[in-house]
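Listed below are the residues making up each chain.
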Amino acid sequence: MTKRRDLLMRAMALGLATPLAGCDLEDPDHPDLADKFLHMMSAWNDRVQAALFDPHTLAPTFRPDQITQPPRFNAFYDISQVLVIDPATYKLELGGQIADKTPWTLTQLNALPQQGQITRLVCVEGWRVIGQWAGVPLAYFLRRVGADLTCRYVAFRCADGYYSSIDMASALHPQTILALQFLGQPLTPAFGAPVRLRIPTKLGFKNPKQIMQLAVTNIYPGGYWEDQGYNWFSGS
Amino acid sequence: MREQVIHPWPLRLMHWVNAFAIIMMIGSGWQIYDASPLFGFTFPSAITVGGWLAGAIAWHLACMWLLVLNGLAYAAWSLASGHYRKLLPIRPREVWHDFTAALTLKLRHERGVYNAVQRLLYVVVLLAGLVAVVSGLAIWKPVQLWYLCDLCGGYFAARYVHFTAMSVISLFIAVHLILVALVPRTLPPMLTGGRLP
């Protein structure tokens, strides 16, 4: 009886230890067999999420009194290290499959049609906050600059070295905006000034801040967290 | 006449696939929980799966397919073979009788027959599994699967529902393993099929 129990315990320990031994995506340059399996499943989950995505399904909206106060700062660095970008000299650069790549100043962006939203930002860690953002609908902006809307990806590069990318269908979703305002005021550096992406149909880390470059492309652009093993589509 | 096995091979196969899937789901789920704990404690990293949040999420969202497909296979097989009838009926009087008998160590284990407490526990853990899947999908896709999210009382509540389902399943596993340790002759039939006397 003891022997059998030992066997059982050993089998369980083995079952637990095997996945624990290094199969954790921690070294993207040297994927082991389990990492390859996880990447394969993550790619499969990208496809499932793209199929589940309904361009007409809206993220829930909230009342002003439900807004999280104070707002929660989040980045891959401390709030004291946030870059301050001069709004007067700022220009949003465009790249890839876009007809008119003339950079946009903040004044020009502010002159475009604006749209506000009170939506929920869900972090990949599990917490969520409700905030109010306003800005230019990305679908409007992409059409305005003559982007090739048949391309697969819209990619973003940020002042702080962060980068991310989203699928075109999500980019054209009516609630996806190039946000210029947060809580009724122009964005502050900590919350993404001068321009950030606000996309309530995706997890928080798919909402890059301090965007310097926007590109439309068919070449998979990846992302800061995505390249470390987080699921690329990460739709809500 | 053919000898009757206690556990037919599809049931054994699905049991061990499920055992692997559920251990991976709970282990990686604990690691995900630790990134943003709901209560005043975290799970020691030694008993979690995935190493860090990205690894844990990758395991969780990979093994969920195994868990769900295996669960669907079990439901289909159970209905087709009539196995589900072994889980019913659940009568409070019988449950109480078998429960007190078990506590006083008077309950005989009859091979191939589920006693009333077993039937109740199996049905409860199956329902907990269903709740875990529904609340898990609600947390994964609160926008696209908004109806599941609403069903769980919203995104915030869905995390608590998911945690509760996990707790029920974990308790079941603990009781299940203790009982196997107490009556070890129940283990081999789950590997070999066993033979009914």
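These numbers were taken from a predicted model, which means no experiment stands behind them.

## Focus: unusual backbone geometry
- Look at the link from Gln69 of chain A to Pro70 of chain A: it is a cis peptide, with omega at -5 degrees.
- Checked against the element boundaries, Pro70 of chain A lands in the loop between helix H2 (33–52) and strand S1 (91–96).
- Note that the residue after Leu88 of chain B, namely Pro89 of chain B, is joined by a cis bond; omega there is -5 degrees.
- Positionally, Pro89 of chain B belongs in the loop between helix H2 (53–81) and helix H3 (92–103).
- One non-glycine residue, Leu183 of chain A, adopts positive backbone phi at about 55 degrees.
- Examined against the element boundaries, Leu183 of chain A turns out to sit in the loop between strand S7 (177–182) and strand S8 (185–186).
- By relative accessible area, which is 25% here, Leu183 of chain A ends up partly exposed.

## A short note on helix H6 (residues 155–182) of chain B
- Given a rise of 1.5 Å per residue, 28 residues ought to cover 40 Å, and the 41 Å separating the end C-alpha atoms of H6 of chain B matches this to within 8%.
- Here H6 of chain B has its buried residues at Tyr155, Ala158, Arg159, Phe163, Ala165, Met166, Ile169, Phe172, Val180 and Ala181 of chain B.

## Here we look at the side chain of Lys206 of chain A
Residues and elements named next belong to chain A.
- Along the chain, Lys206 falls in the loop between strand S9 (196–198) and strand S10 (211–217).
- Given a relative accessible area of 0%, Lys206 falls into the buried group.
- Those residues in contact with Lys206 that lie beyond four places of it in its chain are Ser164, Ser165, Ile166, Leu197, Ile199, Glu226, Trp232, Phe233 and Ser234.

## A look at the state of the cysteines
- Scanning the entire structure with this criterion turns up 0 disulfides over all chains.
- Sulfur of Cys158 of chain A: no disulfide; nearest cysteine sulfur belongs to Cys123 of chain A and is 16 Å away.
- Cys158 of chain A gets classed as buried once you look at its relative accessible area, which sits at 10%.
- Here Cys149 of chain B is not cross-linked by a disulfide; its sulfur's nearest cysteine counterpart is in Cys152 of chain B, at 6.8 Å.

## Points about the pairing of S1 of chain A
- With 2 bridges joining them, S1 of chain A and strand S2 (residues 104–105) of chain A adopt antiparallel strand pairing. Pairing of Lys91 of chain A across the sheet is with Thr105 of chain A, part of S2 of chain A.

## A few points about the packing of H2 of chain A against H2 of chain B
- As a packed pair, H2 of chain A and H2 of chain B sit with axes 9 Å apart at the nearest point and diverge in direction by 70 degrees. The orientation of H2 of chain A relative to H2 of chain B falls into the category roughly perpendicular. Counting all contacts with H2 of chain A, which are made through Ala34, Phe37, Leu38, Met41, Trp44, Asn45 and Val48 of chain A, the residues of H2 of chain B involved are Ala58, Trp59, Leu61, Ala62, Met64 and Trp65 of chain B.
- Residue composition of the contact of H2 of chain A with H2 of chain B, grouped by class: 12 nonpolar, 1 polar and no charged.

## Observations concerning the sheet that holds S2 of chain A
- Spatially, S2-S1-S10-S5-S6 (chain A) is the arrangement adopted by the 5 strands of the open sheet, whose pairing is mixed. Strands with a single pairing partner mark the edges of an open sheet, and in this sheet they are S2 and strand S6 (163–167) of chain A.

## A look at the nonpolar core
- Counting 101 residues, the largest nonpolar core has Leu92, Leu109, Phe141, Leu178 and Leu214 of chain A as the members making the most contacts within it.
- Element by element, the count of residues in this core is highest for H2 of chain B, at 13 residues.
- Excluding residues that lie within four positions of it along the chain, Leu92 of chain A makes contacts with Pro103, Trp104, Leu109, Phe141, Leu178, Ile211, Met212, Gln213 and Leu214 of chain A.

## Focus on the interface of chain A and chain B
- Contacts between the two partners involve 42 residues from chain A, matched on the other side by 39 residues from chain B.
- Counting each side, the surface lost to burial between chain A and chain B is near 3,400 Å², with a carbon and sulfur contribution of 70%.
- At the surface where chain A touches chain B, the tally comes to 0 salt bridges.
- Taken together, the connections running from chain A to chain B amount to 8 residue pairs in polar contact (both at pLDDT 80 or more).
- Within the residue set of the side of chain A that touches chain B, elements represented by two or more residues are helix H1 (2–20), H2 and strand S3 (115–122) of chain A.
- Of the residues forming the side of chain A that touches chain B, the biggest block, 9 residues, is contributed by H2 of chain A.
- The class makeup of the residues in the side of chain A that touches chain B is 25 nonpolar, 9 polar and 8 charged.

About the criteria used
- Residues numbered from 1 in each chain as written.
- Chains lettered and ligands numbered in written order.
- Predicted model: local features only at pLDDT ≥ 70, side-chain atom pairs only at ≥ 80, totals over all residues.
- Heavy atoms only, no water.
- Helix = DSSP H or I, 4+ residues; strand = E, 2+ residues; numbered from the N terminus.
- Buried < 20%, exposed > 50% of the residue type's maximum accessible area, 1.4 Å probe, protein only.
- Expected span 1.5 Å × (residues − 1).
- Contact = heavy atoms within 4.5 Å.
- Disulfide = S-S within 2.5 Å.
- Pairing = 2+ DSSP bridges.
- Axes fitted to C-alpha atoms, helices over the stretch in contact; angles between N-to-C directions.
- Parallel < 35°, antiparallel > 145°, perpendicular 65-115°, else oblique.
- Nonpolar A, V, L, I, M, F, W, Y, C, P; charged D, E, K, R; others polar.
- Core = buried A, V, L, I, M, F, W, Y, C linked by side-chain atoms within 4.5 Å.
- Buried area = accessible area lost by both parts, 1.4 Å probe.
- Salt bridge = Lys/Arg side-chain N within 4 Å of Asp/Glu carboxyl O.
- Polar contact = N/O pair within 3.5 Å; in protein donor to acceptor, adjacent residues only side chain to side chain.

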